Every structure is written in structure tokens, then in C-alpha cells.
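Observations on the three-dimensional arrangement
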Amino acid sequence: MTQRIALIGFGAMGRSLVRMLANHSDSVRCVAVLQRPGTPAGPGWPEGAERVETVAALLAQQPDLVVECAGHAALQQHGADVLAAGTDLLVAAVGALADAALEQRLRAAAQAGHAQVLVPAGALGALDILSAARLAGLTQVDYLSHKPARAWKGTPAEQLCALDTLTAPTVFYEGTAREAALRFPQNANVAAAVALAGAGFEATRVRLMADPAAEGNRHVLHAEGAFGHFDFSVTGQVLPDNPKTSMLAPASLARGILNRGAAIALA
């Protein structure tokens, strides 16, 4: 049975997602892509997908699932309308949920539309263990985002450290997952996913690091509680056209989509 999906946004994340789905499944069809008015379709456009400029036009294509690939502002603008219409929403801009008002609005829309907000594991993984540990009891969750200095360009990190002249790995931010996700929306989506899976936005401690010698994005997670403790780390290669994003991020979206149509799926 063919699964019909629609995308919000078609930048580096969307293009990578479409390529991965084409390489691994013939049962997923992208029926529409929502873009801002005047935005060109661009290379790699999914075959047969309608280019639309409103959520109403997107939903008119009757997708089984909508995938947000366009960032915090797009989720703010369109997320609740998708959910209220009864369509599940898979989000890439997980960090936007650090905005408590948006989180509540999406929850209410999902309940009204009998739909779900789906949060991918993204570039980190291990969120299955963390969310299970939460049920057993968590006392500490720490997350470190260790990225090349260039990945922090165009963010508040430029005011917190001299990215162009760093000679060693430098932690430029320590604080809560909520503050990290809101201050660094292009880089700290993983921090928000960790918070949602585990101890919450206020109790999850985050460190952000810039490293002039790093070749990929490294994510480190430590958790303790009644269940025991675990440490997990992964170093992922970045998307060629977006050094702020790990290659695993669109792969995680693809996994979430393919799981929905699989006879046997990892929960």
C-alpha cells in the first residue's frame, strides 16, 4: 500500500529525505510540497509532487503524513492547522517545542484532530532508551553538542566566542535544554528531543561546544536514575549543503516514515 506524504519546505533536509526514500522504498509517494510564495522548486524535486503555497492546498492532496522540513517559523505557522485537520505531523524542527505556548497549541490541535506530533530521534539516537528510563525514574540527564566551529556561524555563538580564531574545543554555552533550543534554533533540535524523551526542558542540562578541528557533529548523552545509568555518543557527517545538520537527521525522518508502513517496525 502506497503511503502518501507531503513536505513543508524543500531545503537541504527535504532534498536529502526525498533521496533516501527513493533509494529505500517504492511505497512512499510525495504528493505535495509547501513553499513560500515565489520560491523556486529547485533540484531534486520529488516526481509528481504538487508545489503549493498554502496549508489548505497541501491538505487537499490528502497526505497520510505531513513532514515539516522548514524550521521553527514554519512549524509555528502551519503545525496546528495540519494537526487540527486530522493529519499526523512529523517534525524536524523539534527545538521549536521549547516554546511552551507552541507546544501547548500543538497538543491541543492534535487532540482536537485525533492526530499525533511525531518526534524523530534525529542526529543522536538512543531516545528509545531514554524514554524507557524516564518511566523507571531519571535523576540526571546531560547532553553535549560538539560541532565544527563553522557549524555555529550565523548563531549567537559568534557573540560568545571567537569562532574564526579558536585553537581548541571551546564550550560557549551551558544551561537548560529550553534555553539552548530557543537561542540556537538551527543547531539545538537534538537538545529539545532529549528533553522531550527524558527529564523535560528545565531538568535537562546542555553544553554546546565549537571545535576548529572537528570533522563531524558529535552528540553525547549521559543519563542516570533508578534504572541505572548509560552513556551514548555518535559522530555524524554533516549534509554537504548544510553544515549545521547531521546526515542522520533526514535519515531519522525517513526511518519514521518507513516504519509507518512496515510489517515489522522497531518501536
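Calculation rules
Residues numbered from 1 in each chain as written. Predicted model: local features only at pLDDT ≥ 70, side-chain atom pairs only at ≥ 80, totals over all residues. Heavy atoms only, no water. Helix = DSSP H or I, 4+ residues; strand = E, 2+ residues; numbered from the N terminus. Buried < 20%, exposed > 50% of the residue type's maximum accessible area, 1.4 Å probe, protein only. Contact = heavy atoms within 4.5 Å. Pairing = 2+ DSSP bridges. Expected span 1.5 Å × (residues − 1). Phe/Tyr/Trp six-rings, centres within 6.5 Å; stacked < 30°, edge-to-face > 60°. Lys NZ or Arg CZ within 6 Å of the ring centre and 35° of its normal. Core = buried A, V, L, I, M, F, W, Y, C linked by side-chain atoms within 4.5 Å.

Examining the overall build of the protein
Secondary structure summary: the protein contains 9 helices and 13 strands in total. For the protein, the spread of C-alpha atoms along the principal axes amounts to about 50 × 45 × 35 Å. Burial analysis of the protein (267 residues in total) assigns 49% to the buried set. Within the protein, contacts between residues separated by at least 24 positions form 70% of all contacts whose residues are at least 6 apart in sequence.

Examining the sheet that holds strand S3 (residues 50-52)
Here we have 6 strands laid out as an open sheet, ordered S3-S2-S1-S4-S5-S6, and parallel in their pairing. Each of the sheet's edge strands pairs with one partner strand only, and the pair in question is S3 and strand S6 (117-118). Note: strand S1 (residues 3-8) against strand S4 (residues 65-68), 4 bridges, orientation parallel. Note that in S4 the partner of Ile 8 across the bridge is Glu 68.

Digging into helix H9 (residues 248-260)
The end-to-end C-alpha separation of H9 is 19 Å, in line with the 18 Å expected for 13 residues at 1.5 Å each. For H9, every residue scored as buried is listed here: Ala 249, Pro 250, Ser 252, Leu 253, Ala 254 and Ile 257.

Some details on the packing of aromatic side chains
Under the defined criterion, the tally for this structure stands at 6 aromatic pairs. Ring geometry for Phe 10 and Trp 45: centres 5.2 Å apart, planes at 70°, overall edge-to-face. With Phe 10 in the loop between S1 and helix H1 (12-24) and Trp 45 in the loop between strand S2 (28-34) and S3, this pair connects stretches of sequence that are 35 residues apart. Between Trp 152 and Phe 172 the ring centres are 4.9 Å apart and the planes differ by 80°, which places this aromatic pair in the edge-to-face class. Here the residue Trp 152 occupies a position in the loop between strand S7 (138-148) and helix H6 (157-160), and Phe 172 occupies one in strand S8 (residues 170-176), the gap between them amounting to 20 residues. Here a set of aromatic residues connected by ring pairs shows up, and it is made of Trp 152, Phe 172, Tyr 173 and Phe 184. Note that Lys 147 overlies the ring of Trp 152, its terminal NZ or CZ placed 5.5 Å from the centroid.

Topic: the environment of Leu 160
Within the element layout of this structure, Leu 160 appears in helix H6. For the pair Leu 160 and Gly 122, spaced 38 residues apart in sequence, the C-alpha separation works out to 26 Å.

Digging into the nonpolar core
Nonpolar side chains tend to gather and get buried jointly when the protein is soluble and globular. Core analysis: the biggest nonpolar cluster contains 61 residues, and Leu 130, Phe 172 and Val 194 have the highest contact counts within it. Here this core gets 7 residues from one element, more than from any other, and that element is helix H8 (residues 189-197). Those residues in contact with Val 194 that sit more than four places away from it in its chain are Leu 124, Leu 127, Leu 130, Val 141, Tyr 143, Thr 204 and Leu 221.

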